[in-house]
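# Architecture and fold: a report
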Amino acid sequence: MKMRRLLGAGAALVLAISSTLASAETKTLSIGYVDGWSDSVATTHVAAEVIKQKLGYDVKLQAVATGIMWQGVATGKLDAMLSAWLPVTHGDYWTKNKDNVVDYGPNFKDAKIGLIVPEYVKAKSLEDLKTDDSFKKRIVGIDAGSGVMLKTEQAIKDYDLTGYQLKASSGAGMIAELTRAEKKNESIAVTGWVPHWMFAKWKLRFLEDPKGVYGAAETVNSIGSKELGAKAPEVAEFLKKFQWASKDEIGEVMLAIQEGAKPDAAAKDWVAKHPDRVKEWTGK
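In this report, the structure presented in the accompanying data block is examined. Predicted, not measured: the structure shown is a model, and the values here were computed from it.

### With respect to the packing of aromatic side chains
One pass over the full model with this rule turns up 12 aromatic pairs. Judged by centre distance (5.2 Å) and plane angle (25°), the rings of F238 and F242 are stacked. Measuring from centroid to centroid gives 6.5 Å for F238 and W281, while their planes differ by 70°, and the two rings are edge-to-face. Here F238, found in helix α9 (residues 233-241), pairs with W281, found in helix α12 (residues 275-282); they are 43 residues apart in sequence, far enough to count as distant. The pair F238 / W281 is uniform in exposure class, with both members buried. Three or more aromatic residues joined by ring pairs form one cluster here, namely F238, F242, W244, W270 and W281. Cation over ring: K27 sits above Y57, and NZ or CZ is 4.4 Å from the ring centre.

Below, the structure written as structure tokens:
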């Protein structure tokens, strides 16, 4: 009899442990982001902090390349991403993966990509690059395969910028080149976007794009896997409501990170300072 009780208690313990582990497993989410993009880092870390604090999920953040991020969500290896530039920049990725993901809407409106130059350069339009030798037929880019890089390759063709080279780099590498050029007052064209903290640091502008290669203003959307709604319905509802009010709001987080704060620390600080905004997104 005693042995039966022990066996019964043991079986109950195993079931309890299994149930706890299963529960813990369903409470863990993975979100992908692009480490070289300041807006991707800021948005993703703030969203993750809100999900952890207010919705009770553990969040595993994974820094990946753009294509891998889309593929990860489409295959369910990632539960979500908050860095989908639509409809133009990531248009090809959307076309390829739209049947296997869920679009929860924009978390930032009025986003824009293009070629950015310092205010002091003479060139006003992409057309001007053909006759302006001060750029030395060189454009400084970010990570190869990103949407703005693909569009810049197209722009070089469409604007007949013969001899121009697009130098692949990273977000940090691009900023380093821009910093050097600004200090020497030299002409430079870099691939860039808003929202970005660099517009708060320097006087910059987009080169006009009369052919519309880079498209008009875009949105940055939150994209989930097909399974996310059933796996974490509270998170799915949060993603529908999560949206930055302005470039200054997200800029507060981006600038803090740029000035040396760890992304998770900057996110925690922002969440602590803006309880009303968090409540708008979560009801808590």
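### Some words on the pattern of salt bridges
With the rule as written, the count across this model stands at 12 salt bridges. Between E49 and K52 there is a salt bridge, with the nearest N and O atoms lying 3.9 Å from each other. Taken as a pair, E49 and K52 lie in helix α2 (residues 38-55) at a separation of 3 residues, close to a single helical turn. A relative accessible area of 6% places E49 in the buried class. When the shortest N-O distance is used, the salt bridge between K247 and D248 registers 3.8 Å. One salt-bridge network, in which partners are shared between bridges, spans R138, K167, E177 and R180.

### Details of the environment of K136
Looking at the secondary structure, you find K136 in the loop between β4 (101-118) and β5 (138-140). On the accessibility criterion, K136 (70% relative accessible area) is exposed. Spatially, the C-alpha atoms of K136 and G283 are 54 Å apart, while their sequence positions differ by 147 residues.

Definitions and cut-offs
- Residues numbered from 1 in each chain as written.
- Predicted model: local features only at pLDDT ≥ 70, side-chain atom pairs only at ≥ 80, totals over all residues.
- Heavy atoms only, no water.
- Phe/Tyr/Trp six-rings, centres within 6.5 Å; stacked < 30°, edge-to-face > 60°.
- Helix = DSSP H or I, 4+ residues; strand = E, 2+ residues; numbered from the N terminus.
- Buried < 20%, exposed > 50% of the residue type's maximum accessible area, 1.4 Å probe, protein only.
- Lys NZ or Arg CZ within 6 Å of the ring centre and 35° of its normal.
- Salt bridge = Lys/Arg side-chain N within 4 Å of Asp/Glu carboxyl O.

Interpretation note: all reported values are geometric properties and have no functional meaning in isolation.
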